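Report on the structure
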Amino acid sequence: MTDGLVRIQKGVFSIEEAVERVKGASKGIGGIVCFLGSARDFSRGKEIVRLEFEHYPGMAEKKLEEIRQRAKENFNIIEMAIVHRVGRIEIGEDIVLIVTASAHRNDAFMACEWAISELKRITPIWKKEITREGEVWISETP
Amino acid sequence: MITVRFFATLRDMAGVEVKDYPVGEPLTLKELKKRIGDDFPALREIMDSRSILVSVNQEFAKDDSVVRDGDEVAFMPPFSGG
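Heads up: these notes are all about the structure in this document. Starting afresh in each chain, residues are numbered from 1 along the sequence in its written order. The naming scheme follows written order: chains are lettered A onward, ligands numbered 1 onward. Since the coordinates come from a predicted model, pLDDT governs what is reported: local features require at least 70, and pairs of side-chain atoms require 80 or more to be given and counted, while whole-chain, interface and lining totals use all residues. For the side-chain quantities, the full set of heavy atoms in the structure was used; hydrogens and water were omitted.

Quick look at unusual backbone geometry
All names here are of chain B. The condition that has to hold: Helix and strand definitions here come from DSSP, where helices need a minimum of 4 consecutive H or I residues and strands a minimum of 2 consecutive E residues; each element is numbered from the N-terminal end.
Of note, the phi angle at Ala8 is positive, near 50°, even though the residue is not glycine. Considering the arrangement of structural elements, one finds Ala8 in helix α1 (residues 8–14). Residue Asn57 is not a glycine yet carries a positive backbone phi of 50°. Structurally, Asn57 can be placed in the loop between β4 (53–56) and β5 (59–61).

Things to note about the interface of chain A and chain B
Cut-off, in case you're wondering: When checking whether two residues touch, look at their non-hydrogen atoms; a contact exists if any pair is within 4.5 Å. Buried area is a sum: the accessible area each of two parts loses on coming together, probed at 1.4 Å, counted once for each and added. Salt bridges are counted wherever a side-chain nitrogen of Lys or Arg sits within 4 Å of a carboxyl oxygen of Asp or Glu. Polar contact is the term for a pair of N or O atoms within 3.5 Å; when the atoms are in protein, one must be able to donate a hydrogen and the other to accept it, and sequence-neighboring residues count only if both atoms are side-chain atoms. All residues other than Ala, Val, Leu, Ile, Met, Phe, Trp, Tyr, Cys, Pro, Asp, Glu, Lys and Arg, Gly among them, are scored as polar; the first ten of these are nonpolar and the last four charged.
Contacts between the two partners involve 27 residues from chain A, matched on the other side by 20 residues from chain B. For the pair chain A and chain B, the summed buried area comes to about 1,900 Å², and 57% of that belongs to carbon and sulfur atoms. Interface area lost by chain A to chain B is led by A:Tyr56, A:Trp126 and A:Trp137, which between them contribute 34%. Note that A:Glu54 is salt-bridged to B:Arg11, the shortest N-O span being 2.7 Å. Inspection of the region where chain A meets chain B yields 13 residue pairs in polar contact (both at pLDDT 80 or more). Ranked by residues supplied to the side of chain A that touches chain B, first place goes to helix α3 (residues 105–122) of chain A with five residues. Grouping the constituent residues of the side of chain A that touches chain B by class yields 14 nonpolar, six polar and seven charged.

Points about α3(A)
Heads up, the rule is: A helix's residues, less one, multiplied by 1.5 Å, set its expected span. Think of it in three bands: residues with accessible area under 20% of the maximum for their type are buried, residues over 50% are exposed, and the middle band is partly exposed, with areas taken using a 1.4 Å probe on protein chains only.
In this model α3(A) runs 26 Å from its N-terminal to its C-terminal C-alpha over 18 residues, within 8% of the 26 Å that 1.5 Å per residue would give. Those residues of α3(A) that sit buried are A:Asp107, A:Ala108, A:Ala111, A:Cys112, A:Trp114, A:Ala115, A:Ile116, A:Glu118, A:Leu119, A:Lys120 and A:Ile122. Buried residues in α3(A) make contact with β2 (31–38), α2 (59–74), β5 (79–85) and β7 (94–102) of chain A together with β5 of chain B.

As structure tokens, this is what we get:
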């Protein structure tokens, strides 16, 4: 979808590759901001063994593309990429990457912050935490 | 046929991922929920919770949205991606 600028995938992603895809949009890019979300080992007072993410295929990709389009309309950015992993994710592995690029850094910072919040709000993706005591679907977005 | 999908904790509660509902005339989501509640009593209350999101053909929808033959309806707990 959209030259691979929005992706949901099972496997690990390359930050460098995503940055290059974004950079390819224009030589006018002067600042790039990345948000990288990764799997931490402790949550809600419990030790986490691993995470599992599920998505609504089709709708989740559509929402990520909507976020990208709205970010380009509402912020002064040149391009944006979003990658989210699903399936089993081990502690320490990366979960989500947002790359925003603009002529000057401030626009990229603002768009990146907005995009991760919006992703959490409107994208049908769910996280399950697997602990030693059992598994629990997480249904709030801190 | 309307295809109803349940995600995450709702799927666990329903015990199924997908359920097809044969329909004649178009009906509202509220009417469809009643039929789903009859089949899955465990979902009856939670389906009306304000935190549960519903989509029709992958667009967010409300109780008075009309669904018809061929539509895909999804019941989704609050998102926790990112």
